[in-house]
Amino acid sequence: MLAANDWLTIALAKGRILPSSLSLFTAAGIDCSSIASDTRKLIFRLEAEKLQFILAKPTDIPTYVEYGAADLGVVGKDILLEQEKELYELLDLKLGACRLSVAQKAEKTGATWGSSVTYVATKYPNLAKRHFLKKGRQVEIIKLHGSIELAPLLNLADVIVDLVSTGKTLRENNLVEAEVIAQITARLVANPGSYQVKAERVMALVQQLEKVL
Amino acid sequence: MTEVLKRRQIPEGVRDLLPDLAGQKRKLEEFIQQVFSRWGYREVSTPAFEYSEIFAADLKAGLENSIYRFPDEQGRMLVLRPDFTLPIARVVAVHFAEGPLPLRLCYGGEIFRYAGGLQGKQRALTQAGVELMGDATPGSDAEVVALAAAVLQEAGLDEFTLCLGHVGFLDLLLAAYDLLPQDVEKIKLLFNKKDFVTLKEMVTKLKISEQAKESIMQIPLLRGGVEVLTKARALLPAGANVQPLELLQEIWSVLEDYKVTQFVTLDLGMVRMMNYYTGMVFEGYTNGLGYPLCGGGRYDQLLTNFGCELSAVGFAVSLDHLLTVLTRQKKLPELLEPLFVAFDESGRENAIATAQTLRRQGAVVIVDLKAATYEEAFQAGCRLGATRLLYCTDNDIFDADLDRGQV
């Protein structure tokens, strides 16, 4: 699918940050009411604004934008850090604020390092590997797709790298945050092609959004 | 895996081009070389691999991990060319340093890089480009940009943007503030990646005046037509060198004469990947393609690598990306459809004579390999995708339109 020339296509992540993304665009003067009411549909065209929203899995947003199927995307910094695509990061939308942290069993604090290999369970294998490599630590990354907190409890891993917002899930599973890797919020990203070819519309939208942040 | 299965594979990042794409790509390459040639650029061809020393500047520019290297029989390191600019610079330094200037050269062929970055997932990429050597005036900058516009336009793209910047502007603006060299490098890197979120975080923390911070954060907004240059001048402190802005102004005015400014956006925050650029830089983009279609700029120091003082400006267009875009927009060059010449037991001489005459006139003609009945010939012609059947007997020719694809 090729984004039409005078239309702007924005890929939004389904799930946790969708409602706040939509409120933000609404606050910036784009009527998104048609999107909130129908969650099965994946493409929403706003004829008057010549704007098209597509809804996709959060981890797929960078791909849609990279290939130019969408001009812009709203996506968490965690996913950007993990995928390392060549996308332009135009704006911090300050949505879905949380942090990306290393966590471990509460009773193990401080004792994790010093063993030859540390096993790290995470949804973010690239990011985790880069983080520990930078520190010169030897780790083996175990990629999981969800319920990461289980891994240390079952001794599958020594530590986990995951998103932490309130810390409640960690506490309930007797885990503690050992280190914050990065502060995470949702970002507005563009591919270089759309950023240049649709420069005026992209800049106007960035300024509209900036005003209501 | 069996040996046979292994023999049927090809490595990641390279591909076979089948009919008709291979022919269309060849035609597009020829077409682009013709455009270069009409602008007075003469083709040079350099080896696919060279000594690794040639590419020292590429290595410094961050291509270190994406270059194919292997030793020759004496252990001297060879490199599969990752780039044409350096081999052409070598050719000029060796063969043309004393010759008449300016020198207009063009090239086309494959470059090889491990996948990643702005190249997408391909490891062998076809480029075509030009180098204009020995002239440092804005006229040569403008000619190269105008030629890039001509190539994209004549290839059939009606919507594309060439964004034009100058590596000196950012340097000058940043030099005006009391910044550490490593902070300057970091800011330039963030501009290159257009990571404005991190840029903002970083600039906010710098120990410089609020006005200076404001100026740096204004740079991403310096995009648009020639009016951008006035805004840019206002950001520079009084008495600063405005030469980069004056140069862009002059380039713009030449591009106005070429009537291509509708395709040009000035972008003063632009930083090209390769750090050998010394002046004007540009990149070409089109709708629906995340990667640049073409890119180039001025690199006046590059030839000193080869012991030669010569200013140079050039650009390369990515045939692969151009082909992708033209395919999507259904604007690929059209290939001629074949005629099918068949014959009965006595008609071979007539058939071959007819085919040769048509071929000399430029038609695409497929001749049947053995005598056939008219019905057999008709069916065979359809299978071949021919548009017309010429069925020859010893003294006659029967002509039939073939419905393509129907057997």
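Residue indices begin from 1 for each chain and proceed along its sequence in written order. Labels are handed out in written order, letters beginning with A for the chains and numbers beginning with 1 for the ligands. Confidence filtering applies because this is a predicted model: local features only for residues at pLDDT of at least 70, side-chain atom pairs given and counted only at 80 or more, and all residues used for totals across whole chains, interfaces and linings. Water and hydrogen atoms were dropped before computing side-chain values, which therefore reflect all heavy atoms in the structure.

**Q** Run through the overall build of chain B, naming residues and quoting values.
**A** Secondary structure elements are defined from DSSP: runs of H or I of at least 4 residues count as helices, runs of E of at least 2 residues count as strands, and each element is numbered from the N terminus. When helices and strands are tallied, chain B shows 14 helices and 16 strands. In terms of principal-axis extent, the alpha carbons of chain B reach across some 95 × 55 × 50 Å. Each residue's exposure class comes from its accessible area (1.4 Å probe, protein chains only) as a fraction of the maximum for that residue type: buried when under 20%, exposed when over 50%, partly exposed otherwise. The 407 residues of chain B split such that 53% are buried. Contacts between residues were defined by any pair of non-hydrogen atoms, one from each residue, lying within 4.5 Å. Look at the contacts in chain B between residues 6 or more apart in sequence, and 69% of them connect residues 24 or more apart. Note on areas: these come from Shrake-Rupley sampling with a 1.4 Å probe, and a residue is covered only by the protein chains present in the view. Only carbon and sulfur atoms are counted for the fraction: they give 51% of the accessible area of chain B, which is about 19900 Å². A residue counts as positive if it is Lys or Arg and as negative if it is Asp or Glu; His and the chain ends are not included. Lysine's charge is taken at NZ, arginine's at CZ, aspartate's at CG and glutamate's at CD. Where the 42 positive side-chain charges of chain B centre and where its 54 negative ones centre are 5 Å apart.

**Q** If you had to explain the confidence of the model for chain B to someone new, which residues and values would you point to?
**A** The predicted model of chain B averages 91 in pLDDT, with 97% of residues at 70 or higher. Among the prediction metrics, the complex's ipTM stands at 0.83, with pTM recorded as 0.88. The quantity called pLDDT is the predictor's confidence in a given residue, expressed from 0 to 100.

**Q** Tell me about the pairing of strand E7 (residues 160-166) of chain B, and name the residues and values.
**A** Residues and elements named next belong to chain B. Across the seven residues of E7, seven count as buried, placing the element largely inside the fold. Alternating residues of E7 divide into Phe160, Leu162, Leu164 and His166 and Thr161, Cys163 and Gly165, and every residue in both groups is buried. A pair of strands is labelled paired if DSSP reports no fewer than 2 bridges between them. By the bridge criterion, seven bridges tie E7 to strand E10 (residues 280-286) in an arrangement that is antiparallel. Each bridged residue has a counterpart across the sheet, and for Thr161 the counterpart in E10 is Tyr285. Strand direction decides the pairing type here: E7 and strand E9 (residues 264-267), joined by three bridges, are parallel. Pairing of Leu162 across the sheet is with Val264, part of E9.

**Q** Quick one: what's the story with the sheet that holds strand E1 (residues 8-13) of chain A, residue by residue and with numbers?
**A** Residue and element names in this part refer to chain A. The strand order across the open sheet built from six strands is E2-E3-E1-E4-E11-E5, with neighbouring strands paired in mixed fashion. Looking at strand neighbours, the two that pair on one side only are strand E2 (43-46) and strand E5 (88-92), the edges of this open sheet. Averaged over all pairs of adjacent strands, the angle between their axes in this sheet comes to 25°, without regard to strand direction. In this structure, E1 lies alongside strand E4 (residues 72-76), joined through three bridges in parallel fashion. If you follow Ala11 over to E4, its bridge partner there is Gly73. Sitting on the sheet, helix H9 (residues 199-212) is in contact with E1, strand E3 (51-56), E4, E5 and strand E11 (186-190), with an inclination near 25° to E5. To obtain each axis, a line is fitted to C-alpha atoms, and for helices this fit is confined to the stretch in contact; angles are then taken between N-to-C directions over 0 to 180 degrees.

**Q** Go over the packing of aromatic side chains, please, and point to the residues and values.
**A** Ring pairs (aromatic) are described by centroid distance and by the angle formed between their planes. All names here are of chain B. In summary, the pairing rule links any two rings of Phe, Tyr or Trp, Trp by its six-membered ring, whose centres are within 6.5 Å, and it sorts them by plane angle into stacked for under 30 degrees, edge-to-face for over 60 and tilted for everything else. Going through the model one piece at a time under the given rule, you end up with 16 aromatic pairs over all chains. Measuring from centroid to centroid gives 5.4 Å for Trp39 and Tyr258, while their planes differ by 15°, and the two rings are stacked. Here Tyr258 lies in helix H11 (residues 243-258) and Trp39 lies in the loop between helix H2 (21-38) and strand E1 (42-43), a separation of 219 residues in the sequence. With a relative accessible area of 36%, Tyr258 lands in the partly exposed category.

**Q** Can you explain the pattern of salt bridges? Please cite residues and give values.
**A** Salt bridges are identified by distance alone: a Lys or Arg side-chain nitrogen within 4 Å of an Asp or Glu carboxyl oxygen. A complete count under the given rule lists 24 salt bridges over all chains for this structure. Across the pair Glu47(A) and Arg45(A) runs a salt bridge, and its minimum N-O distance is 3.5 Å. Classification of Glu47(A) by relative accessible area gives exposed; the value is 53%. Take Arg45(A): its relative accessible area is 44%, and that puts it in the partly exposed class. For Arg388(B), the salt bridge goes to Asp399(B), with nearest N and O atoms at 2.8 Å. A residue pair is termed long-range when its members are at least 10 positions apart, and Arg388(B) in strand E15 (residues 388-392) and Asp399(B) in strand E16 (residues 397-401) qualify at 11 residues. Since its relative accessible area comes to 30%, Arg388(B) is described here as partly exposed.

**Q** I'd like to hear about the sheet that holds strand E4 (residues 77-80) of chain B, residue by residue, with values.
**A** Residues and elements named next belong to chain B. Strands sit in the order E2-E4-E3 across an open sheet of three strands; the sheet is antiparallel. Two strands close off the open sheet at either side, each with one partner strand: strand E2 (49-51) and strand E3 (69-71). Here the average twist between neighbouring strands, direction ignored, is 35°. Sheet analysis places E3 next to E4, joined by three bridges and oriented antiparallel. When the bridges of E4 are listed, Phe70 appears paired with Leu78.

**Q** Which residues make up the packing of helix H10 (residues 227-235) of chain B against H11(B), and what values go with them?
**A** Residue and element names in this part refer to chain B. As a packed pair, H10 and H11 sit with axes 10 Å apart at the nearest point and diverge in direction by 175°. Considered as vectors, H10 and H11 are oriented roughly antiparallel to each other. On H11, the residues touching Leu229, Ala232 and Arg233 of H10 are Leu245, Glu246, Leu248 and Gln249. By the convention adopted, Pro, Cys, Tyr, Trp, Phe, Met, Ile, Leu, Val and Ala count as nonpolar, Lys, Arg, Asp and Glu as charged, and the other residues, Gly among them, as polar. Class assignment of the residues belonging to the contact of H10 with H11 gives a composition of four nonpolar, one polar and two charged. Relative orientations are named as follows: roughly parallel for angles under 35 degrees, roughly antiparallel for angles over 145 degrees, roughly perpendicular for angles from 65 to 115 degrees, and oblique for any other angle.

**Q** Describe unusual backbone geometry, with residues and values.
**A** Geometrically, the link from Pro19(B) to Asp20(B) is a cis peptide bond, its omega value of 0° lying close to zero. Tracing the backbone shows Asp20(B) in the loop between helix H1 (3-7) and H2. Cis geometry marks the peptide bond from Leu101(B) to Pro102(B); its omega dihedral reads -5°. Mapped onto the fold, Pro102(B) is located in the loop between helix H4 (85-96) and strand E5 (103-112). For Lys94(A), which is not glycine, the phi torsion reads 60° and is therefore positive. Among the secondary structure elements, Lys94(A) is positioned in the loop between E5 and strand E6 (98-105).

**Q** An account of helix H12 (residues 319-328) of chain B is requested, with residue identities and associated values reported.
**A** At 3.6 residues per turn, the α-helix brings residues three or four places apart onto the same side. Residues and elements named next belong to chain B. Burial of H12 is extensive: seven of the 10 residues sit out of reach of the surface. All buried positions along H12 are accounted for by Leu319, Asp320, His321, Leu322, Leu323, Val325 and Leu326. Where H12 is buried, its residues meet H2, strand E6 (124-133), helix H5 (138-154), E10 and strand E12 (312-318). Phi turns positive one or two residues past the end of H12, at Lys330, with a value near 55°.

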